[in-house]
Amino acid sequence: MLRWLPESVSTFSGDIDALIRLIYYTVGAWFVLTFAVILIFLVRYRYRPGRRAVYLPGNTLAQSAWVLVPGLVVLLLDIGIDIYGERVWEAVKLHQPPAAVQVRVTGKQFAWEVLYPGPDGRFGTADDRQLNGELHVPVHQVVHVTLGAEDVIHSFFLPHLRLKQDALPGRQLTVWFEATVPGTYPLVCAELCGTGHTGMFGRLIVHTPEDYQAWVKAQWPSS
Ligand SMILES: [Cu+2]
């Protein structure tokens, strides 16, 4: 039932999907149950001549139970989701494995600027290289992306990697990922940022190790 999700291609995308599944099926089951009860009651207690409606103030325990018991069940399910979600948050957000590749990505109306530090590994030097809307990374390597925004709030979203992070003006936030399948994937903006928001596309290109070396060589021929 979750086939509509895009292919999952990062080391943590399975954890995020497990969380999506947990919430989806919990809420789905609850939705079906609630509406089934409403439908059954609609039919069963429908208008019939000679049967009068009664006002129930809900001041006996048996009556309040209709509210309190479902309320308690929802609360328990919620706590269960929170406990599971906390574990995923811990694994994905609180630990950042050391980076093999570092880039800076800046969102602006309406494009993504990707800055590479070049062979010296340092930003702000002559061999820095800026690409527009293209993020090239090697497969099976940890990539750190330091996000910023030039004008308004954007959101850096790689759906196939299950990675989404707001990019805020005046703040630098570092996220990480490790892609597991070579290919080209969309990079989109997930925060309504102006009239060109829907066209704010970029591409993530996940290379095989050899392809990545070749790409690096092509970008910095003298190194
Ligand atoms: Cu945007």
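Now for a description of the structure that goes with this document. (Residues numbered from 1 in each chain as written. Predicted model: local features only at pLDDT ≥ 70, side-chain atom pairs only at ≥ 80, totals over all residues. Heavy atoms only, no water.)

## As for a nonpolar patch on the surface
And step 1. Taken together, Leu33, Val37, Ile40, Phe41, Tyr45, Trp66, Val67 and Leu68 make up a surface patch of nonpolar side chains, about 840 Å² in accessible area.
And step 2. Elements with a contribution of two residues or more to the nonpolar patch: helix H1 (13-44) and helix H2 (61-94).
And step 3. The biggest single contributor to the nonpolar patch is H1, with 4 residues.
And step 4. With respect to the element layout, Leu33 can be found in helix H1. (Patch = residues over 30% accessible without salt bridge, like charges linked within 9 Å, V, L, I, M, F, W, Y side chains within 5 Å. Areas by Shrake-Rupley, 256 points an atom, 1.4 Å probe, with all protein chains shown as cover. Salt bridge = Lys/Arg side-chain N within 4 Å of Asp/Glu carboxyl O. Helix = DSSP H or I, 4+ residues; strand = E, 2+ residues; numbered from the N terminus.)

## Thoughts on the coordination of the copper ion
As a benchmark, a tetrahedral metal site with four donors has ideal angles of 109.5 degrees, while an octahedral site with six donors has ideal angles of 90 or 180 degrees.
And step 1. Those donors, His154 (ND1), Cys189 (SG), Cys193 (SG) and Met200 (SD), are the protein atoms that reach the copper ion, and they lie 2.1 to 2.5 Å from it.
And step 2. Around the copper ion sit 4 donor atoms; with metal-centred angles ranging over 97 to 124°, the donor geometry is tetrahedral.
And step 3. Here the donor residues of the copper ion share one chain and are spaced in sequence as H-x34-C-x3-C-x6-M. Here His154, found in strand S6 (residues 154-158), pairs with Met200, found in the loop between strand S9 (183-189) and strand S10 (202-207); they are 46 residues apart in sequence, far enough to count as distant. For the pair shown, His154 and Met200 are each scored as buried. (Donors = N, O, S within 2.8 Å, 3.2 Å for Na, K, Ca; no water. Tetrahedral: all angles 85-135°; square planar, octahedral: opposite > 155°, others 65-115°. Buried < 20%, exposed > 50% of the residue type's maximum accessible area, 1.4 Å probe, protein only.)

## Topic: the nonpolar core
And step 1. Among the nonpolar cores identified, the biggest contains 39 residues, and Tyr116, Leu135, Val145, Phe156, Phe177 and Leu204 are the most heavily contacted of them.
And step 2. Residue contributions to this core peak at 5 residues, all from strand S5 (residues 142-149).
And step 3. Composition of this core by domain shows at least three residues from each of domain 1 (13-47 + 55-94) and domain 2 (101-219).
And step 4. Dropping the residues within four chain positions of it, Leu204 is found in contact with Leu135, Val137, Leu158, Leu161, Phe177, Gly183, Thr184 and Tyr185. (Core = buried A, V, L, I, M, F, W, Y, C linked by side-chain atoms within 4.5 Å. Domains from an automatic or database assignment. Contact = heavy atoms within 4.5 Å.)

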